[in-house]
Amino acid sequence: TVVIAEAGHDPKRMVDAVDVMLDRNVDGIVFGALGARRIALPPIPSNVPVVLVNAASAHGHLSVLPAEYEAGYAITKLLLDGTGHDKVALLGPSPWAESDPDISVTIKNRTDGIRAAIVDFGATVVAEKPFRSWEPRFGYSGTKELLDEGANFTAMVCFNDNLAFGAYQALQERGLRVPSDVSIVSFDDDELAGYLRPGLTTARLPYEEMGRRAMTLLLDPERPPEVPPVHMPIQERGSIASL
């Protein structure tokens, strides 16, 4: 039997949900978050195992997280390796999230992977637009600003698919085509990524696999002290072209 509760960002709802579960003598609790951030957990007896999915805590609980550095490096390599692109724009780096685990515990890894690949493949970041929120409207406005500022780029790394969606619209309005004028890669593999034309090449957040791994760990009496990050597969579509 599985008991499921939705707490959102409300600490009281989380406390109430955990109390309900403990009243039912559950064998363990999995906490999951949509954004990979540090969450504050209510008191839980030490004999009740806890595993976190796409989240972390300050109490040393096992945490299942995506392999963001690997994904950032791999998708940027796909964008640059042998394609002739050497001028890259970054849409969405977030210094706020990189320095605050309450916002994200993985975005710094994503950023570090992207920047490492750019260096390794001899490219240069010619422009970047940081955002606190990754919504389509910021992808749209940020891309328009890059173009208005005369940024000379042929490749763009968007930090999520919503930003990429906005970038597509801004480029199209300016008469620029993806990928013949600007190649784009992104992250998440949101449903919309497959409906964009051309389809968006993106690194998928492996929610299902992370959930499966978390439940396996919860049911394993010999849980390891640490969990390797979960591979983020690249979904190759049509948003990259060689110069």
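Everything quoted here is computed from the prediction, not taken from an experiment. (Residues numbered from 1 in each chain as written. Predicted model: local features only at pLDDT ≥ 70, side-chain atom pairs only at ≥ 80, totals over all residues. Heavy atoms only, no water.)

It is not clear to me how the environment of M210 should be interpreted in this structure. Could you clarify?
Of note, M210 is situated in helix 7 (residues 207-219). Classification of M210 as buried rests on a relative accessible area of 0%. For the pair M210 and A58, spaced 152 residues apart in sequence, the C-alpha to C-alpha distance is 20 Å. Each residue touching M210, except ones within four places of it in the same chain, is listed here: V53, N54, V64, L65, P66 and V230. (Helix = DSSP H or I, 4+ residues; strand = E, 2+ residues; numbered from the N terminus. Buried < 20%, exposed > 50% of the residue type's maximum accessible area, 1.4 Å probe, protein only. Contact = heavy atoms within 4.5 Å.)

For this particular structure, what's the right way to read the side chain of S239?
The topology assignment puts S239 in the segment after strand 9 (234-235). Classification of S239 by relative accessible area gives buried; the value is 0%. A polar contact is formed between the side chain of S239 and the backbone oxygen of I184, at a distance of 2.6 Å. Only 2.9 Å separates the side chain of S239 from the backbone nitrogen of T201, close enough to count as a polar contact. Ignoring sequence-local partners within four residues, the contact set of S239 consists of Y168, V178, P179, V182, S183, I184, P198, G199, L200 and T201. (Polar contact = N/O pair within 3.5 Å; in protein donor to acceptor, adjacent residues only side chain to side chain.)

I keep staring at the environment of H61 and nothing clicks. Help me out?
Position of H61 among the secondary structure elements: in the loop between strand 2 (50-56) and strand 3 (62-64). Measuring from C-alpha to C-alpha, the distance between H61 and V182 comes to 43 Å, with 121 residues separating the pair along the chain. Dropping the residues within four chain positions of it, H61 is found in contact with L41, V50 and L52.

Where do I start with the sheet that holds strand 5 (residues 124-129) in this structure?
The mixed open sheet is built from six strands, whose spatial order is 5-4-6-7-8-9. Only two strands of the sheet have a single partner each, and these edge strands are strand 5 and strand 9. Relative to strand 7 (residues 183-188), helix 6 (residues 161-173) is tilted by about 155 degrees, and along the sheet it contacts strand 4 (87-91), strand 6 (155-158), strand 7 and strand 8 (201-204). (Pairing = 2+ DSSP bridges. Axes fitted to C-alpha atoms, helices over the stretch in contact; angles between N-to-C directions.)

So what exactly am I meant to see when it comes to the layout of surface pockets here?
One simple way to see leftover space: roll a probe sized like a water molecule over the atoms. Of the volumes computed, that of the largest pocket is approximately 920 Å³. Elements supplying a minimum of two residues to the lining of the largest pocket: helix 1 (11-23), strand 1 (29-38) and helix 7. Top element by residues in the lining of the largest pocket is strand 1. It accounts for eight residues. Partitioning the lining of the largest pocket into residue classes produces 21 nonpolar, seven polar and three charged. The computed volume of the second largest pocket comes to approximately 690 Å³. Taken together, 26 residues form the lining of the second largest pocket, with L34, G35, A36, W134 and D188 sitting closest to its centre. Ranked by residues supplied to the lining of the second largest pocket, first place goes to strand 1 with four residues. (1 Å grid on protein atoms, 1.4 Å probe; cavity = no way out; pocket = protein on both sides within 12 Å on 5 of 7 lines; lining within 4 Å. Points joined across faces, edges and corners; volume = space filled by probe spheres on them. Nonpolar A, V, L, I, M, F, W, Y, C, P; charged D, E, K, R; others polar.)

In this structure, what is going on with the pattern of salt bridges? I would like to understand it.
Two side chains that carry opposite charge are able to pair once their charged atoms sit near each other. Summed over the entire model, instances satisfying the criterion amount to 16 salt bridges. For D148, the salt bridge identified is with R174, shortest N-O distance 2.8 Å. With D148 in helix 5 (residues 136-148) and R174 in the loop between helix 6 and strand 7, the pair connects residues that are 26 residues apart, well separated along the chain. The partly exposed category is assigned to R174, whose relative accessible area is 37%. Linked through salt bridges whose partners overlap, the residues forming this network are E208, E209, R212 and R213. (Salt bridge = Lys/Arg side-chain N within 4 Å of Asp/Glu carboxyl O.)

Help me out: how do you make sense of the packing of helix 2 (residues 68-80) against helix 4 (residues 107-120) in this one?
In a packed pair of helices, the relevant descriptors are the angle between the two axes and the axis-to-axis distance. Packing of helix 2 against helix 4 brings their axes to within 7 Å, and their N-to-C directions diverge by 35 degrees. Here helix 2 runs over helix 4; the crossing is right-handed. Counting all contacts with helix 2, which are made through E68, Y69, G72, Y73, T76, K77 and L80, the residues of helix 4 involved are N109, R110, D112, G113, I114, A116, A117, I118 and D120. A breakdown of the residues in the contact of helix 2 with helix 4 according to their chemical character gives seven nonpolar, four polar and five charged. (Left-handed = near helix turned anticlockwise from the far one by under 90°.)

Nothing here speaks to function; it is all geometry.
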